[in-house]
Amino acid sequence: MADTIVPAEPSRGPAEHGISFMEAFKVWLRVAALSFGGPAGQIAVMHRIVVDEKRWVGESRFLHALNYCMLLPGPEAQQLAVYLGWLMHRTAGGLMAGILFILPGFLSILALSYIYVLYGEVSAVAGLFFGLKAAVLAIVLQAVFRIGGRALKSLAMILIAAAAFVAIFAFQVPFPLIILAAGVIGYFGTRTGHGWFAVSGGHKAAAGKILSDADSALGEAMPAHARPNLQWSLRVSVVLLLLWLAPVAILYVTLGADNVFTQIGVFFSKMAVVTFGGAYAVLAYVAQEAVQNYQWLRPGEMLDGLGMAETTPGPLIMVLQFVGFLGAYRDAGGLGPLQAATIGAVLATWVTFVPCFLWIFLGAPFIERLRGNAAISGGMAAITAAVVGVILNLAIWFGLHVLFADVTTIQAGPLKMEVPVLSSVDWASLVLTLLAVLAIFRLKMSVMTVLLGSAVLGMAWTLAGMR
C-alpha cells in the first residue's frame, strides 16, 4: 500500500520493530539537544545513539542513508534525522525527527537575536560578540583544513578547489554556478575512469564492533513504505511544494517584489536549492548578498550570527534565521521592529527547512538505485573540493572585516576583489584571533571551549576599555 501524508495503512510499525512513536520522540529530542559542533559532531551523536546505543538501524543502512543525504542541498545531519525517522515510523516519524532536530536551535537563536538587537550596544554584550568574532574566524579556518584534508585527495580535486577560490574571490562568480560546474566536471571526469577522480566513502563510522543490519531493530529487509511508489512521491511532492512556495507566492502577490518579507522568502528559497557543502560554503554567498545587495546587515554581524549558531544545538545553517531576523528588524514597514523580526526569522527558517523534507520524502524510496553509482559520487567529490575553495574565500572575507577597520576594492576588467587597508588593523581582534587559532590548532581545544573562552576574553577586554 502506498504511503500517504497521513498513513492509512501501516506497512511496518511498532508491533514489528518494537519501538513506539513516543519512545522515538524522546530519543530524537535527546539527539536534538546534544547536536552541537557542526555536522560532524551531530552525525557522531546520531550514530552513537541510534546505532550503537538504541540499535535501531545497522551500520550499513546508516552510512547508506548518510551518503544519500550528502548528495542533497541543505544540512545533511538534519536530513539524515528525517531519513531515519521516516524509516522507523513513516512520514510522521520523519516529520517528528526533522522538526525536533531544528527546534532547540531555532528557539535559542531567536532568544539570542532579541538580546542582540535590544542590548547589543551594552558593553558586556558588545564585548561578548567581539570575542565570538575572533573565535568564529579561527573555526572557519579549521573548516578549510578539515574539509580540505578529506576532499583534496588528487590533483584534479586540488585544481577544482583552486579554481573555485579564484572564481569567487577575484571574479565574483556566483556560488551556484561554481557548484554546478564542479559537479559536471566531477561527474564526467569519473565516467572517463581517470584515476584523478577516484573517490572514497563519506564520513567514517565510529570505531568498535559494527552492528549489522540484520541485528538491528529495523532488520535488513526494506520496509514496504520504503519501496518506490510514484503515486506517493507525486502526492508528497505536491504537498511539500505548496507548503514551501505558497507562502512566498502569497507574499509576492500581496506585498510586492520589493517588500523585505518577499525578498527573504525568495532569497532563502534559492539558498535551499544550492546549499551543497554545508553552512560554511553557502555563507560566503549569503554574506555577499545580504550585506552588499540587500543591506540587511553589516559584515561583522554575519560573524555574530555564526557565533550564535556555533554555540547552540542544531545545524549551522540556522544562521540564516538570524539574517532574516535582522533584515526584517531594519525594514519593518508598518509592523513593530521585533514583530517584523520574528516573522522574518520564522519565514527564513521555514523556506530553508521545508525543502529538506521534500528532498528526503521524494528521493529516499529511490536511493537503492544510487547505490554504487561511481559517477554521482565523483560529481559530489568535485563539489566538495569546490566547497573548500569557497570556504577559503569565506575565511578571507571574514578575516578582512574582523581584523581591519577599513578595506578597499581593486578592480581591473572582470577582476574585482577586496584588500585591507593595513594601517587600519584592529590589534585587539588580531590578538584574540591568534589566541583562538592557537587553542584550536595547537592545543586541540573543543569548539565550544574556544567560543566560550573568546567570549569571556572579549567581554573582559571591552569592559577594561582596551578597545
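Residues numbered from 1 in each chain as written. Predicted model: local features only at pLDDT ≥ 70, side-chain atom pairs only at ≥ 80, totals over all residues. Heavy atoms only, no water.

Trainee: What's the story with the overall build of the protein in this structure? I'm lost.
Mentor: The helix and strand inventory of the protein stands at 17 helices and 2 strands. Burial analysis of the protein (467 residues in total) assigns 52% to the buried set. In the protein, of all internal contacts separated by at least 6 residues, the share reaching a separation of at least 24 is 76%. Roughly 19,900 Å² of accessible area belongs to the protein as shown, and the carbon and sulfur atoms make up 67% of that amount. (Helix = DSSP H or I, 4+ residues; strand = E, 2+ residues; numbered from the N terminus. Buried < 20%, exposed > 50% of the residue type's maximum accessible area, 1.4 Å probe, protein only. Contact = heavy atoms within 4.5 Å. Areas by Shrake-Rupley, 256 points an atom, 1.4 Å probe, with all protein chains shown as cover.)

Trainee: When you look at the packing of aromatic side chains in this model, what are you seeing that I'm missing?
Mentor: Given two aromatic rings, their pairing is described by the distance between the two centres and the angle made by the two planes. Scanning all chains against the criterion turns up 16 aromatic pairs. For the ring pair F145 and F441, a centre distance of 5.5 Å and an interplane angle of 80 degrees mean the geometry is edge-to-face. Linking F145 in helix 6 (residues 123–151) with F441 in helix 16 (residues 427–442), this pair joins segments that are 296 residues apart in sequence. The partly exposed category is assigned to F441, whose relative accessible area is 30%. The interplanar angle of 85 degrees and the centroid separation of 6.0 Å between the aromatic rings of W244 and W359 together place this pair among those described as edge-to-face. Highlighted residues: W244 in helix 9 (residues 230–255) and W359 in helix 14 (residues 337–363), separated in sequence by 115 residues. With respect to burial, W244 and W359 carry one shared label: buried. Members of the aromatic cluster, each reached through a chain of ring pairs, are F267, F268, Y294 and W296. (Phe/Tyr/Trp six-rings, centres within 6.5 Å; stacked < 30°, edge-to-face > 60°.)

Trainee: So what exactly am I meant to see when it comes to the packing of helix 16 against helix 17 (residues 447–463) here?
Mentor: A pair of packed helices can be characterised by two numbers: the angle between their axes and the separation between those axes. For the pair helix 16 and helix 17, the least separation of the axes is 10 Å and the interaxial angle reads 155 degrees. In terms of axis orientation, helix 16 runs roughly antiparallel to helix 17. Between helix 16 and helix 17 lies a crossing of right-handed hand. In contact with A428, V431, L432, L435, A436, A439 and I440 of helix 16, helix 17 contributes V450, S454, L457, G458 and W461. Here the residues of the contact of helix 16 with helix 17 sort into 10 nonpolar, 2 polar and no charged. (Axes fitted to C-alpha atoms, helices over the stretch in contact; angles between N-to-C directions. Parallel < 35°, antiparallel > 145°, perpendicular 65-115°, else oblique. Left-handed = near helix turned anticlockwise from the far one by under 90°. Nonpolar A, V, L, I, M, F, W, Y, C, P; charged D, E, K, R; others polar.)

Trainee: What am I meant to see in the side chain of Q78 here?
Mentor: Examined against the element boundaries, Q78 turns out to sit in helix 5 (residues 76–119). For Q78, a relative accessible area of 0% translates into the label buried. The residues contacting Q78, other than those within four sequence positions of it, are G98, F101, I102, P315, F353, C356 and F357.

Trainee: Would you explain the packing of helix 12 (residues 299–310) against helix 15 (residues 374–403) in this entry?
Mentor: Contact pair helix 12 / helix 15: the axes reach a minimum separation of 9 Å and the direction vectors enclose 110 degrees. It follows that helix 12 is roughly perpendicular to helix 15 by the angle criterion. In the packing of helix 12 onto helix 15, the handedness of the crossing is left-handed. Touching P299, M302, L303 and L306 of helix 12 are W397, F398, H401 and V402, all from helix 15.

Trainee: Sorry, what's going on with the pattern of salt bridges here?
Mentor: In the structure shown here, the tally under the stated rule is 4 salt bridges. Among the salt bridges present, the one from R298 reaches E301, with a minimum N-O distance of 2.9 Å. Under the relative-accessibility criterion, E301 is labelled buried at 4%. Connected through salt bridges with shared partners, the residues R298, E301 and R330 form a single ionic network. (Salt bridge = Lys/Arg side-chain N within 4 Å of Asp/Glu carboxyl O.)

Trainee: Just checking my understanding: could you explain the nonpolar core for this structure?
Mentor: Proteins that are soluble and globular tend to have nonpolar side chains buried together. Ranked by internal contacts, the top residues of the largest apolar core, which has 146 residues, are W28, Y83, L84 and F268. Beyond its immediate stretch of four places on either side in the chain, L84 contacts W28, M46, V50, V57, F62 and A65. Grouped together as the second largest cluster of nonpolar side chains are 5 residues, F130, A134, A428 and L432 included. (Core = buried A, V, L, I, M, F, W, Y, C linked by side-chain atoms within 4.5 Å.)

Trainee: Could you clarify how one ought to interpret the pairing of strand 1 (residues 407–412) in this entry?
Mentor: If a strand is regular, its side chains alternate between the two faces of the sheet. Across 6 bridges, strand 1 lies against strand 2 (residues 415–420) in antiparallel orientation. Bridged to I410 within strand 2 is M417. With antiparallel pairing between neighbouring strands as the criterion, strand 1 and strand 2 make up a hairpin whose turn holds 2 residues, including G413 at a positive phi of roughly 65 degrees. (Pairing = 2+ DSSP bridges.)

Trainee: What is the right way to read helix 12 from this model?
Mentor: One turn of an α-helix holds 3.6 residues; hence residues three or four places apart share an orientation. With 12 residues, helix 12 should reach 16 Å at 1.5 Å per residue; the first-to-last C-alpha distance of 17 Å fits that figure. Judged by how many residues are buried, helix 12 sits mostly within the fold: 11 of 12 residues are covered. G300, E301, M302, L303, D304, G305, L306, G307, M308, A309 and E310 are the residues of helix 12 that are buried. (Expected span 1.5 Å × (residues − 1).)

Trainee: What am I meant to see in helix 9 here?
Mentor: Here helix 9 contains 26 residues, and its C-alpha end-to-end distance of 37 Å stays within 8% of the 38 Å for a straight helix at 1.5 Å per residue. At L245, helix 9 is bent by approximately 35 degrees, the largest bend along its length, and proline P247 sits one to four residues beyond. Packing partners of the buried residues in helix 9 comprise helix 5, helix 10 (260–274) and helix 14. Backbone geometry just downstream of helix 9 places G256 in the positive-phi region, at approximately 95 degrees. (Bend = angle between axes of the 7 residues up to and from the residue.)

Trainee: Please explain a nonpolar patch on the surface as it appears in this structure.
Mentor: On the surface, V431, L435, L438, L443, M445 and L457 cluster together into a nonpolar patch covering about 500 Å² of accessible area. At 3 residues, the largest contribution of residues to the nonpolar patch is made by helix 16. Considering the arrangement of structural elements, one finds M445 in the loop between helix 16 and helix 17. (Patch = residues over 30% accessible without salt bridge, like charges linked within 9 Å, V, L, I, M, F, W, Y side chains within 5 Å.)

Trainee: What is the right way to look at the environment of A428 in this model?
Mentor: Counting through the fold element by element, A428 comes out in helix 16. A sequence separation of 30 residues divides A428 from G458, and the C-alpha atoms of the two residues are 8.9 Å apart.

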